[in-house]
Amino acid sequence: MRIMYLGPELKGVVRHNQIFSYNPEDVIEKACQRNPLAKHLFVDMEDIVAKKKELHTEGSLLNLTFRKILKQEVDHGRL
């Protein structure tokens, strides 16, 4: 199993497009402490093409989630 994080960087937790060769439960937990929506942005590499397309589709779950997390990080001065 390989997992990729598609969200914006969460400093000290996970980088944008970071790939894991294991199930990163501890990283997902830390990301969710920062923003519970982050769990939706950890995707299986087998689905990466469809998920990246969804990420770039205006109004989709992944697109809205990415934008909300990015706004929160900017608003808190972390980006």
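Data block above holds the structure.
To start, this report covers the structure provided alongside it. Everything quoted here is computed from the prediction, not taken from an experiment.

The rules behind the values
- Residues numbered from 1 in each chain as written.
- Predicted model: local features only at pLDDT ≥ 70, side-chain atom pairs only at ≥ 80, totals over all residues.
- Heavy atoms only, no water.
- Helix = DSSP H or I, 4+ residues; strand = E, 2+ residues; numbered from the N terminus.
- Rg over C-alpha atoms; globule rule 2.2 N^0.38 Å.
- Buried < 20%, exposed > 50% of the residue type's maximum accessible area, 1.4 Å probe, protein only.
- Areas by Shrake-Rupley, 256 points an atom, 1.4 Å probe, with all protein chains shown as cover.
- Lys, Arg positive; Asp, Glu negative; His and termini not counted.
- Charge placed at Lys NZ, Arg CZ, Asp CG, Glu CD.
- Pairing = 2+ DSSP bridges.
- Core = buried A, V, L, I, M, F, W, Y, C linked by side-chain atoms within 4.5 Å.
- Contact = heavy atoms within 4.5 Å.
- Patch = residues over 30% accessible without salt bridge, like charges linked within 9 Å, V, L, I, M, F, W, Y side chains within 5 Å.
- Salt bridge = Lys/Arg side-chain N within 4 Å of Asp/Glu carboxyl O.
- Axes fitted to C-alpha atoms, helices over the stretch in contact; angles between N-to-C directions.
- Left-handed = near helix turned anticlockwise from the far one by under 90°.
- Nonpolar A, V, L, I, M, F, W, Y, C, P; charged D, E, K, R; others polar.

Overview of the overall build of the chain
And step 1. Within the chain, the secondary structure is distributed over 3 helices and 3 strands.
And step 2. Mapped in sequence order, the helices and strands of the chain form the string β-β-α-β-α-α.
And step 3. Since a compact globule built from 79 residues should have a radius of gyration of about 12 Å, the 12 Å found for the chain is in line with a globular shape.
And step 4. Buried positions account for 35% of the 79 residues belonging to the chain.
And step 5. Accessible surface computed for the chain: about 5000 Å², of which carbon and sulfur atoms make up 53%.
And step 6. On the chain, the mean spot of the 13 positive side-chain charges and the mean spot of the 11 negative ones are 5 Å from each other.

Notes on the sheet that holds strand 2 (residues 19–20)
And step 1. The sheet built from 3 strands is open, its strands ordered 2-1-3 with antiparallel pairing. The sheet terminates laterally at strand 2 and strand 3 (42–44), the two strands that pair on one side only.

Structural notes on the nonpolar core
And step 1. Counting residues in hydrophobic clusters, the biggest one holds 18 residues, and the most contacted among them are Leu10, Val14 and Phe42.
And step 2. Of all the elements in the fold, those that place two or more residues in this core are strand 1 (3–5), helix 1 (25–34), strand 3, helix 2 (48–55) and helix 3 (61–75).
And step 3. Contact partners of phenylalanine 42, with chain neighbours within four places excluded, come to Ile3, Met4, Tyr5, Val14, Phe20, Pro24, Val27, Ile28 and Ala31.

What about a nonpolar patch on the surface?
And step 1. Together, Leu70, Val74 and Leu79 line one region of the surface with nonpolar side chains, adding up to about 230 Å² of accessible area.
And step 2. Within the secondary structure, leucine 70 is located in helix 3.

Digging into the side chain of glutamine 72
And step 1. Checked against the element boundaries, glutamine 72 lands in helix 3.
And step 2. Residues within four places of glutamine 72 in sequence aside, it is in contact with Arg34, Asn35 and Arg78.

What to know about the packing of helix 2 against helix 3
And step 1. Helix 3 packs onto helix 2 with a crossing angle of 65° between their chain directions and a minimal axis gap of 6 Å. Note that helix 2 runs across helix 3; the crossing there is right-handed. Touching Lys51, Glu54 and Leu55 of helix 2 are Leu61, Leu62, Asn63 and Phe66, all from helix 3.
And step 2. Considering only residue class, the contact of helix 2 with helix 3 consists of 4 nonpolar, 1 polar and 2 charged.

These figures capture arrangement, not role.
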